[in-house]
Amino acid sequence: RFADFFSSISLTEYTAHAPTWALSYPPFGVAIILLFRFIPFPYFSFFIFTAIFVTFTFFYCYGNLNFLEKLDRWKNTIVIVLMTFPVLFTMDRGNWETFVFIFLALFFYFYSKQKSYLAAFFLAMAIAAKLYPLTFLVFFLSDRKYKEILFTILLAVLFTISPLLFFHGSILENLIIFKTNLDLYFDAYAIGNFGLNFGCSLFGLIKMAVLGYSIEIGFLKESYLTIIRAVFPWYSSIAA
């Protein structure tokens, strides 16, 4: 029931409250949240938030289904936008990763058009909003576009640091609390079982498989990480 949206706009910058796993977004992600916090009336703010997501998703899907007949194009777009679990789940949660999706969608659009620096711009925004899109640098790496990789990383750092200039407290204070929030989130969600009932990670699946068995969680985590690092060495080195 839109809990991600309303719980986030009730919080402000990192130093305005004690550290909390509920605000583990990077500074750029928090800046996006704050923009919606300044809109009067929370439900109106949520309406605008949802309208942006649904409108973008509709036009993005419609544009990418241009190989279909017009009627099928409309029908499939409506089904994807209004009748599929990922979209409905995101809307139901009011999840801020809608903007990560928008940034990544624009990255792939401009990448497919061979507009590398525009693609890099939106990938940098996605990375600054949520770190894991960093893995999509592999597209530039496969094309040997090293300048675009450097441009993306520098821009992502700029997007990350810039909001801290406007937050309460110093840049260092905010970065420390951001790191603390991440650790709290990791303990609650990744290691703990707080989000187990609606998680989608491989580690969560393994925990479900051994639930009820007396297996120490630390041993399970280290075993899992060892396997992941062996199978996905490039990805796991970034994640580590």
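Predicted, not measured: the structure shown is a model, and the values here were computed from it.

> I'd like a rundown of empty space enclosed by the protein, residues and numbers included.
Summed over the entire model, instances satisfying the criterion amount to three cavities of 30 Å³ or more. Taken as a whole, the largest cavity holds about 70 Å³ of empty space. Around the largest cavity, the lining residues are Y25, G29, I32, I33, W96, E97, F99, V100, A129 and K130. Elements supplying a minimum of two residues to the lining of the largest cavity: α2 (27-37) and α6 (97-112). Here the lining of the largest cavity is composed, by residue class, of seven nonpolar, one polar and two charged.

> Break down unusual backbone geometry for me, with residues and values.
The phi angle at F2 is positive, at roughly 65 degrees, despite the residue not being glycine. One can find F2 in the segment before α1 (3-9). F2 gets classed as partly exposed once you look at its relative accessible area, which sits at 30%. With phi around 65 degrees, Q114 is a residue other than glycine that occupies positive phi space.

> Please provide a residue-by-residue account of the environment of D143, values included.
With respect to the helices, strands and loops of the structure, D143 is situated in the loop between α8 (138-142) and α9 (146-161). There is a polar contact of 2.5 Å between the side chain of D143 and the side chain of Y111.

> So what's going on with the confidence of the model for the protein chain? Residues and values would help.
Per-residue pLDDT for the protein chain has a mean of 84; in total, 87% of the residues score no lower than 70. Helix α13 (residues 233-239) is the least confidently modelled element of the protein chain, averaging 52 in pLDDT, while helix α7 (residues 116-129) averages 96, the highest of any element.

> Summarise the packing of helix α3 (residues 42-64) against α6; cite the residues concerned and give the values.
Two elements in contact, α3 and α6, have axes separated by 10 Å at closest approach and are oriented at 25 degrees. Classed by the angle they form, the pair α3 and α6 counts as roughly parallel. Here α3 runs over α6; the crossing is left-handed. Within the contact between the two elements, α3 uses F49, I52, F53, F56, T57 and Y60 and α6 uses T98, F99, F101, I102, A105, L106, F108 and Y109. Across the contact of α3 with α6, the residue classes break down as twelve nonpolar, two polar and no charged.

> An account of the environment of M125 is requested, with residue identities and associated values reported.
If you trace the backbone, M125 turns up in helix α7. Considering only alpha carbons, one finds M125 and V157, 32 residues apart in sequence, at a separation of 9.6 Å. Beyond its immediate stretch of four places on either side in the chain, M125 contacts F28, F103 and F159.

> Can you lay out the nonpolar core for me, pointing to particular residues and giving the numbers?
Ranked by size, the top nonpolar core spans 43 residues in total, and within it F5, F28, W96, F99, F103 and F140 carry the most contacts. When near neighbours in sequence (up to four residues on either side) are disregarded, F5 contacts F36, P42, S45, F46, F49, R93, G94 and W96.

> Can you lay out the pattern of salt bridges for me, pointing to particular residues and giving the numbers?
One pass over the full model with this rule turns up four salt bridges. Salt-bridge contacts for R93 lead to D4; the nearest nitrogen and oxygen are separated by 2.8 Å. Of this pair, R93 sits in helix α5 (residues 85-93) while D4 sits in helix α1, placing them 89 residues apart in sequence. A relative accessible area of 22% places R93 in the partly exposed class.

> Could you give an account of helix α10 (residues 171-191), with specific residues and numbers?
Its 21 residues place the ends of α10 29 Å apart at the C-alpha level, agreeing with the 30 Å of an ideal helix rising 1.5 Å per residue. Along α10, the sharpest change in direction is near 25 degrees and occurs at Y185.

> Quick rundown of the packing of aromatic side chains? Include the residues and the values.
Considering all chains together, one arrives at 41 aromatic pairs under this definition. Ring geometry for F49 versus F99: centroids 6.0 Å apart, planes at 50 degrees, classification tilted. Note that F49 is positioned in helix α3 and F99 in helix α6, a separation of 50 residues in sequence. Neither residue differs from the other here; F49 and F99 are each classed as buried. Ring geometry for F53 and F101: centres 6.2 Å apart, planes at 80 degrees, overall edge-to-face. A residue pair is termed long-range when its members are at least 10 positions apart, and F53 in helix α3 and F101 in helix α6 qualify at 48 residues. Taking the relative accessible area as the measure of exposure, F101 reaches 32% and is therefore partly exposed. In this arrangement the basic side chain of R73 is found over the ring face of Y62, its NZ or CZ atom lying 3.9 Å from the centre.

Parameters at a glance
Residues numbered from 1 in each chain as written. Predicted model: local features only at pLDDT ≥ 70, side-chain atom pairs only at ≥ 80, totals over all residues. Heavy atoms only, no water. 1 Å grid on protein atoms, 1.4 Å probe; cavity = no way out; pocket = protein on both sides within 12 Å on 5 of 7 lines; lining within 4 Å. Points joined across faces, edges and corners; volume = space filled by probe spheres on them. Helix = DSSP H or I, 4+ residues; strand = E, 2+ residues; numbered from the N terminus. Nonpolar A, V, L, I, M, F, W, Y, C, P; charged D, E, K, R; others polar. Buried < 20%, exposed > 50% of the residue type's maximum accessible area, 1.4 Å probe, protein only. Polar contact = N/O pair within 3.5 Å; in protein donor to acceptor, adjacent residues only side chain to side chain. pLDDT = per-residue confidence, 0-100. Axes fitted to C-alpha atoms, helices over the stretch in contact; angles between N-to-C directions. Parallel < 35°, antiparallel > 145°, perpendicular 65-115°, else oblique. Left-handed = near helix turned anticlockwise from the far one by under 90°. Contact = heavy atoms within 4.5 Å. Core = buried A, V, L, I, M, F, W, Y, C linked by side-chain atoms within 4.5 Å. Salt bridge = Lys/Arg side-chain N within 4 Å of Asp/Glu carboxyl O. Expected span 1.5 Å × (residues − 1). Bend = angle between axes of the 7 residues up to and from the residue. Phe/Tyr/Trp six-rings, centres within 6.5 Å; stacked < 30°, edge-to-face > 60°. Lys NZ or Arg CZ within 6 Å of the ring centre and 35° of its normal.

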